[in-house]
Amino acid sequence: MSMKKLKLVTIGGGSSYTPELIEGLIKRQHELPVGELWLVDIEAGREKQNIVGAMAKRMVKAAGLDWDIHLTLDRRAALKDADFVSTQFRVGLLDARIKDECIPLAHGVLGQETNGAGGMFKALRTIPVILDIINDMRELCPDAWLVNFTNPAGMVTEAAIKYGRWPRTVGLCNVPFSHIEQAKKTLDLADGELSFKFAGLNHFHWHRVWDRAGQERTQELIDKIYSPDRQQDNDEGLQNIHQIPFFYEQVKHLALLPCGYHRYYYQQDAMLQHSVEEYKENKTRGQVVKETEQRLFELYKDPALDYKPEELSLRGGAHYSDAACELIASIYNNKNTTMVVSTQNNGVISDLPYDAIVEVSSAVTSHGPEPFYWGKLPPAARGMIQLMKAMEETVIEAAISGDYGAALHAFIINPLVPGGDIARQILDELLLAHKDYLPQFAGKIAEIEKYQPETVARVKSVLAGRLSLN
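Residues numbered from 1 in each chain as written. Predicted model: local features only at pLDDT ≥ 70, side-chain atom pairs only at ≥ 80, totals over all residues. Heavy atoms only, no water.

Going by the annotation in an unreviewed UniProt entry, the name recorded for the protein is 6-phospho-beta-glucosidase, with Affinibrenneria salicis given as the source organism. Quoted straight from UniProt, the Sequence similarities (unreviewed entry) entry for the protein says "Belongs to the glycosyl hydrolase 4 family." (UniProt positions renumbered as here; feature names shortened; annotations may be inferred.)

Dropping the structure here:
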């Protein structure tokens, strides 16, 4: 009896990450009976979709597979009867990320893809789109799993599950994989020799580590990675984070291994200073990634290229295939693979609401993730994570309702945004800069355009020379 062929859909299929996804599916060809792979994009992404789609077809052909690969701008046609839908889109493309970075940095405030003002605005643009996708899925593929890799992954996943009412949603991030690889390298141990337990929020988690004999190695790793004489020798493998050393005494006191993104909070001044310098040199991460992508797509055009080039690792998406494709394989085959995913808390982290979306180690089954119990966090972590979750919930409320007061409140809650007039000013400027992608705030944006000519002028001034302005 032949197995039912799977229909996989990737929204944001023109992404430079797509070859990583194709590689991961090819690697798992014997456990995933792929029949159709649909790469979906929008008109603005058509050229990249055609380039990466042609490369995907070459990769599949080189692997000796007969998968049908479809390129389309028609999302509904792609979603019809899909089994798995993965999302890797960026509303407003990379120019939107550059705006998220540059406008706050012009005020001496952090601008970053998933943290601070920029991260909140990425959520404001993205959440309405993920809810639209779910509305289509409800009609066209009601049994499909939604695998979300779109940042900010935690907030987007929470909106999908709590507001989109799509429980078959799992959020993914490649950052935990980087920390797992770092621990194996530091202790000189191979796959299967260590076990890990992560708990927290997306880009705001901590973890512990044990060896095969059951001995906890967390403190040893803290000493080997974060002691002052060792920090410069340890590479987390996170391309998009400037690796300013953590305070060893602080990490030792916490007795948990931090996420690389914690630098934005634990070393806020130094990280901000570095980001401001990048901004002054026209080298924000978004600008660098845009240049990297241009080089990647030139490579992808090569009709002889039928494998993922090493240059893709510079894009910051290492281990994407292991995350997205292993998740799909584990659900499909009920493998119980241990993975770090964004899923419903269900009491796993006792310091957070039961229905909150958290990023935790889980066994991935045919009915979804079964998260591993963590319990309480130490007070130093508990206070921060509760504040961050409250901020996330308020951002999601603003994204759905278009409530300016909720958006302003989220800005004021966020530890990386100064309160008061500067929060309001950055909020107004970002609303104006992203007006094409924020219809829920149309009334407020019209008010800013009418009554705040200085804000309009400042946005144009900040972005001049960094983007092609309309």
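Under the criterion given, the structure shown has 9 aromatic pairs. Ring centres of Y17 and F149 lie 6.3 Å apart, and the angle between their planes is 90°; this geometry places the pair in the edge-to-face category. In this pair, Y17 is assigned in the loop between strand 1 (6-11) and helix 1 (18-27) and F149 in the loop between strand 5 (145-148) and helix 6 (153-163), connecting sequence segments 132 residues apart. Here the two residues Y17 and F149 agree in accessibility, since each one is buried. (Phe/Tyr/Trp six-rings, centres within 6.5 Å; stacked < 30°, edge-to-face > 60°. Helix = DSSP H or I, 4+ residues; strand = E, 2+ residues; numbered from the N terminus. Buried < 20%, exposed > 50% of the residue type's maximum accessible area, 1.4 Å probe, protein only.)

A few words now on the UniProt feature "site: Increases basicity of active site Tyr" (unreviewed entry) in the protein. According to UniProt, the positions carrying the feature "site: Increases basicity of active site Tyr" (unreviewed entry) are E113. You can see E113 is positioned in the loop between helix 4 (93-105) and helix 5 (116-140). Other than its neighbours up to four places away in sequence, E113 contacts R90, R97, G118, G119, K122 and N151. (Contact = heavy atoms within 4.5 Å.)

The next thing to look at is the environment of I222. With respect to the element layout, I222 can be found in helix 8 (residues 218-226). Look past the residues within four positions of I222 in its chain and what remains in contact with it is S227, Y248, V251, K252, A255, L256 and L257.

Right, let's talk about the environment of L187 for a bit. Along the chain, the position of L187 falls in helix 7 (residues 175-187). Linking L187 and K290, residues 103 residues apart in sequence, is a C-alpha distance of 36 Å. Beyond its immediate stretch of four places on either side in the chain, L187 contacts L194, R217, E220, L221 and K224.

Oppositely charged side chains are able to pair whenever their charged atoms sit close together. A full pass over the atoms with the stated rule returns 34 salt bridges. Across the pair D355 and K162 runs a salt bridge, and its minimum N-O distance is 4.0 Å. Of the two residues, D355 sits in the loop between strand 10 (337-344) and strand 11 (357-365) while K162 sits in helix 6, which places them 193 residues apart along the sequence. For E429, the salt bridge is made with R458, and the minimal N-O distance between the two is 3.1 Å. Of the two residues, E429 is situated in helix 16 (residues 421-433) and R458 in helix 18 (residues 453-463); the sequence distance between them amounts to 29 residues. Take E429: its relative accessible area is 0%, and that puts it in the buried class. (Salt bridge = Lys/Arg side-chain N within 4 Å of Asp/Glu carboxyl O.)

Here we have 3 strands laid out as an open sheet, ordered 7-8-9, and antiparallel in their pairing. A strand with exactly one partner marks an edge of an open sheet, and here the two such strands are strand 7 (194-201) and strand 9 (257-258). Pairing of strand 8 (residues 204-211) with strand 9 involves 2 bridges; the strand directions are antiparallel. Bridge pairing in strand 9 links H207 to L257. Contacting strand 7, strand 8 and strand 9, helix 7 crosses the sheet at an angle of about 145° to strand 7. (Pairing = 2+ DSSP bridges. Axes fitted to C-alpha atoms, helices over the stretch in contact; angles between N-to-C directions.)

Between helix 5 and helix 14 (residues 379-401), the shortest axis-to-axis distance is 9 Å and the interhelical angle comes to 55°. Taken together, the axes of helix 5 and helix 14 lie oblique to each other. With respect to the hand of their crossing, helix 5 and helix 14 are arranged in right-handed fashion. Note on element contacts: helix 14 touches helix 5 through M391, V395, I396, A398, A399 and I400, opposite M120, A123, L124, I127, P128 and L131. When grouped by side-chain class, the residues that make up the contact of helix 5 with helix 14 number 12 nonpolar, no polar and no charged. (Parallel < 35°, antiparallel > 145°, perpendicular 65-115°, else oblique. Left-handed = near helix turned anticlockwise from the far one by under 90°. Nonpolar A, V, L, I, M, F, W, Y, C, P; charged D, E, K, R; others polar.)

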